[in-house]
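Descriptive structure summary
Given next are the chains, with one letter for each unit.
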Amino acid sequence: MTTPTPGLRERKKALRRDALIATTRDFVGERGLDGVTVEDICAAVGVSPRTFFNYFATKEDAVLGHTLDDLQTDSAVQETFVAGGPTGDLLHDATMILHAVMDDPRISAAEMDTLMALVKSEPRLLERHVFWIETQRSAIETLLVRREAQAPSGLEPAVVATVLMSIFRSVAVIWTESGRTGRPSDHIPHVVAQLRRLATPIHSPLQGAAHV
């Protein structure tokens, strides 16, 4: 028996993942979250529950598309960031870590609409999404701790990670309001520019008068 090449293996994994997500969303849309079991999903896709749990921790995660290997920024990108690169500007370098999370090519605008409708009808999905956001924040904080050890900035990793997740949220809102055209990360420079302006003191005549 021939062993699948790495490329073929990854494509098969991606197809299986997509099938699990699509089936779970269809079932939850028809029956509600409580009316669907992992066994139902696996039977429809033709995989075992063990295979399901290799991809997703819960059926809620399967609806949301949050696999166990999220935050898949390329390891080389992560190591460059940890070493203090690629530019040395912490905010710019850190937002690059968000690109892989934000620009998920596996979900279309139509699928996003379906997902948002499911989240509105099932509050537990929103709770699970909030939990996922925290896991992303924690993973980014871990990278920041490692970077701080090699390229000290004097900034607290927990604070920076929280700000980055706020950028994530802001970009998602702007992308949605713009009709979801292009990639979500196209809006990162704008959000970062706004953040830099917010953090830069502006000395107005009123501010000067307050110190007189």
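Preceding this paragraph is the structure being described.
Here the structure is a predicted model, which is why all the values come from computation and not from measurement.

The secondary structure content of the protein amounts to 11 helices and zero strands. Along the chain direction, N to C, the helices and strands of the protein fall in the order α-α-α-α-α-α-α-α-α-α-α. Looking at the protein residue by residue over its 212 residues, the buried ones come to 34%. Looking at the protein alone, contacts between residues at least 24 apart form 64% of all its contacts between residues at least 6 apart. Carbon and sulfur atoms make up 59% of the accessible area of the protein, which amounts to about 12,600 Å² in all.

Applying the stated criterion across every chain, the model contains 11 salt bridges. Here R196 ties to D89 by a salt bridge, and the two come within 3.0 Å at their closest N and O atoms. With R196 in helix α10 (residues 188–199) and D89 in the loop between α5 (75–82) and α6 (90–102), this pair connects stretches of sequence that are 107 residues apart. For R183, the salt bridge is made with D186, and the minimal N-O distance between the two is 3.2 Å. Connected through salt bridges with shared partners, the residues D34, E60 and R124 form a single ionic network.

This paragraph deals with a positive patch on the surface. Together, R9, K12, K13 and R16 make up a region of like positive charge exposed at the surface. Locating K13 in the fold gives a position in helix α1 (residues 6–31).

Attention now moves to the nonpolar core. With 22 residues, the main nonpolar core has F81, I140, L144, L164 and I167 as its most contacted residues. Elements with a minimum of two residues in this core: α5, α6, α8 (123–150), α9 (157–177) and α10. Of all the elements, α9 adds the most residues to this core, at seven residues. Beyond its immediate stretch of four places on either side in the chain, L164 contacts L91, A94, T95, L98, I140 and L144. Membership of the second largest hydrophobic core comes to 20 residues, among which are V28, L33, F56 and L64.

Reading the values: rules and limits
Residues numbered from 1 in each chain as written. Predicted model: local features only at pLDDT ≥ 70, side-chain atom pairs only at ≥ 80, totals over all residues. Heavy atoms only, no water. Helix = DSSP H or I, 4+ residues; strand = E, 2+ residues; numbered from the N terminus. Buried < 20%, exposed > 50% of the residue type's maximum accessible area, 1.4 Å probe, protein only. Contact = heavy atoms within 4.5 Å. Areas by Shrake-Rupley, 256 points an atom, 1.4 Å probe, with all protein chains shown as cover. Salt bridge = Lys/Arg side-chain N within 4 Å of Asp/Glu carboxyl O. Patch = residues over 30% accessible without salt bridge, like charges linked within 9 Å, V, L, I, M, F, W, Y side chains within 5 Å. Lys, Arg positive; Asp, Glu negative; His and termini not counted. Charge placed at Lys NZ, Arg CZ, Asp CG, Glu CD. Core = buried A, V, L, I, M, F, W, Y, C linked by side-chain atoms within 4.5 Å.

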